[in-house]
Amino acid sequence: MKILVVGGGGREHALCWKIAKSKRVEALYCAPGNAGIAQVADCVDIAADDVPALVEFSIENAIDLVVVGPEAPLVAGLSDQLRAIGIPVFGPSAAAAQVEASKAFTKALCDTANIPTARYGKFTTARDAKAYLDTLEAPYVLKADGLAAGKGVIIAASRDEAETEIEAMLSGRFGDASKTLVIEEFLKGEEASVFALCDGKTAIPMIAAQDHKRAFDGDKGPNTGGMGAYSPTPVAGSKMIRKTMDEIIMPAVRALEAAGTPYSGVLYAGLMIEDGQPRLIEFNARFGDPECQILMMRMLSDIVPYLKACADGTLDQMPPLSWHGSAAVTVVKAARGYPGSYEKGTPIKGVEKADAMDQVTVFHAGTKHGSEGELLANGGRVLNVTARGGSYREAIDRAYEAVDLIDWPEGFCRRDIGWRALQSSG
């Protein structure tokens, strides 16, 4: 098969790394890719959101399967355009991708399918939004309805803060994304991410992971796209995954099919778990980043037949996925200043040494090659140092041993990734 992966971050490097191991692959392309992806795929200079150019490339190169990494091209209709010309694609239609593109859409889906989630209200005026606060207790969860690059959720500690944020968001703080506002009750518990592969009718579970959103140790500092992750997660074992499939994933899949917008691709359920009950925080229409990196490290199965089965609607013919029983952890190396302003173009050394360690893979999230072939930072989150081990402690120690081989003074990372897993395992 000739396969095109769309995207250029750590998630896409992990997907390319896993796809490249398949004997079913004749050629592997990635658009636009990065310096790390270039080691396992042919990088194509097409932006991930340039839908016409991606379609044209797929036609000209007789691509057999397109695997879409980020959400933006999905929401822009890349999958629809490819399916219309008979090119198989892993990723939902623009209509089904509304599960991520619109918080209000997902809350309505929860109502229709009786999916457990937080109480909520949807608002377009500040007056109505502020009045709804009377029905809730602090803290208050405010969500921009549309895509806001992962920054559209505000947890307001007080009524005054909530009212100030309501005014700011409805006045265009996140542009069109916050013209509509969803306000939710604050859910208590422990967060986890559960992933399932879907073909429109059938869904099969993957595994659960837990990520660390805050920038600094001790879960301090601003929210980020994710500073690390680990799997398995003690709060979401096999029974919790089955409960999530029965109460959240499959009801959503059935409701979307009934609405004429069948969901094909990976469905990512962000959960809050309390007293053994999962409740949905959000759906995402793609793999998590950096969770994808540990999923690919733990997966024993050849992923390509499963991606193709999702595209072809034949997932019911596939056996359950197989996984390494070992733990996996990924530590994100980010540019100093992230998630605020940061410097690009700083040199990075030692990645080869880290990558050469046993059971370690360094996925590139934001890198490029300089004019003399040197490795340079080219983003906020730059490297994902990923390791497996027989225990959480072994995997974590191995990951940080690899981190310490990387010479990049302009970078930083958290030193406590996986602390909840260590705590629960004694």
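Look a little higher up for the structure.
Let us look at the structure shown here. (Residues numbered from 1 in each chain as written. Predicted model: local features only at pLDDT ≥ 70, side-chain atom pairs only at ≥ 80, totals over all residues. Heavy atoms only, no water.)

Notes on the overall build of the protein
Step number 1: Along the backbone of the protein there are 14 helices and 22 strands.
Step number 2: In summary, the protein has a C-alpha radius of gyration of 21 Å against a globular reference of 22 Å for 426 residues, a match within 12%.
Step number 3: Judged by the C-alpha coordinates and their principal axes, the protein covers about 60 × 50 × 40 Å.
Step number 4: When each of the 426 residues of the protein is scored for burial, the buried share is 58%.
Step number 5: Put simply, of all contacts in the protein between residues at least 6 apart along the chain, 69% involve residues at least 24 apart.
Step number 6: When the accessible area of the protein is evaluated, it comes to approximately 17,000 Å², of which 48% is carbon and sulfur surface.
Step number 7: On the protein, the mean spot of the 44 positive side-chain charges and the mean spot of the 55 negative ones are 3 Å from each other. (Helix = DSSP H or I, 4+ residues; strand = E, 2+ residues; numbered from the N terminus. Rg over C-alpha atoms; globule rule 2.2 N^0.38 Å. Buried < 20%, exposed > 50% of the residue type's maximum accessible area, 1.4 Å probe, protein only. Contact = heavy atoms within 4.5 Å. Areas by Shrake-Rupley, 256 points an atom, 1.4 Å probe, with all protein chains shown as cover. Lys, Arg positive; Asp, Glu negative; His and termini not counted. Charge placed at Lys NZ, Arg CZ, Asp CG, Glu CD.)

Some points on the side chain of E100
Step number 1: Mapping E100 onto the fold places it in helix α5 (residues 98-101).
Step number 2: Judged by relative accessible area, which is 6%, E100 ranks as buried.
Step number 3: Here the side chain of E100 touches A285 through a polar contact of 2.7 Å, landing on its backbone nitrogen.
Step number 4: With residues up to four places along the chain from it excluded, the contact list for E100 reads E71, T106, L147, F283, N284, A285 and R286. (Polar contact = N/O pair within 3.5 Å; in protein donor to acceptor, adjacent residues only side chain to side chain.)

Overview of helix α13 (residues 392-403)
Step number 1: Helix length check: α13 (twelve residues) gives 16 Å between terminal C-alpha atoms against 16 Å at 1.5 Å per residue, within 8%.
Step number 2: Those residues of α13 that are buried are in contact with β14 (228-231), β17 (327-335), α12 (351-355), β18 (360-364), β21 (381-389) and α14 (419-424). (Expected span 1.5 Å × (residues − 1).)

Observations concerning the pattern of salt bridges
Step number 1: In this structure the tally under the stated criterion is 24 salt bridges.
Step number 2: The closest approach of N and O atoms between E12 and R11, which form a salt bridge, is 2.8 Å.
Step number 3: By relative accessible area, R11 is classed as buried at 7%.
Step number 4: Notably, a salt bridge pairs K243 with E247, separated by 2.8 Å at the nearest N-O pair. Residue K243 and its partner E247 are both found in helix α9 (residues 238-258); the two are separated by four residues, about one turn of the helix.
Step number 5: Each of D219, R414, D416 and R420 takes part in salt bridges that share partners, so that together they form one network. (Salt bridge = Lys/Arg side-chain N within 4 Å of Asp/Glu carboxyl O.)

Re the nonpolar core
Step number 1: If you look at the biggest cluster of nonpolar residues, it comprises 53 residues, and the most contacted ones within it are L4, V66, I249 and F283.
Step number 2: The element best represented in this core is α9, accounting for ten residues. (Core = buried A, V, L, I, M, F, W, Y, C linked by side-chain atoms within 4.5 Å.)

Concerning the pairing of strand β16 (residues 277-284)
Step number 1: Strand direction decides the pairing type here: strand β15 (residues 264-274) and β16, joined by seven bridges, are antiparallel. By the bridge assignment for β16, E274 is matched with Q277.
Step number 2: Hairpin connection, β15 to β16: the antiparallel pair is bridged by two residues, and D275 has positive phi, about 55°. (Pairing = 2+ DSSP bridges.)

Remarks on the environment of G152
Step number 1: As for its placement among the helices and strands, G152 is situated in the loop between β7 (140-144) and β8 (153-156).
Step number 2: Sequence spacing of G152 and A177 is 25 residues, and the spatial spacing of their C-alpha atoms is 8.0 Å.
Step number 3: Excluding residues that lie within four positions of it along the chain, G152 makes contacts with L142, K143, A144, M169 and F174.

Let's talk about the environment of D134
Step number 1: Relative to the elements of secondary structure, D134 occurs in the loop between α7 (126-132) and β7.
Step number 2: The class of D134 is exposed, set by a relative accessible area of 57%.
Step number 3: Within the structure, the side chain of D134 is placed 2.9 Å from the side chain of R159, a separation counted as a polar contact.

Description of the sheet that holds β7
Step number 1: In space, the four strands of this open sheet follow the order β6-β9-β7-β8, with antiparallel pairing throughout. Looking along the sheet, the strands with just one partner apiece sit at the ends: β6 (120-123) and β8. When the angles between neighbouring strand axes are averaged without regard to direction, this sheet yields 20°.
Step number 2: The pairing of β7 with β8 spans four bridges and is classified as antiparallel. (Axes fitted to C-alpha atoms, helices over the stretch in contact; angles between N-to-C directions.)

Thoughts on α9
Step number 1: Across its 21 residues, α9 extends 28 Å between first and last C-alpha, which sits within 8% of the 30 Å expected from 1.5 Å per residue.
Step number 2: The largest bend along α9 reaches roughly 45° and is located at M245.
Step number 3: For α9, the secondary structure elements touched by its buried residues are α5, α6 (103-113), β10 (190-199), β11 (203-211), β15 and β16.
Step number 4: Just past α9, the residue G260 takes up positive phi, approximately 85°. (Bend = angle between axes of the 7 residues up to and from the residue.)

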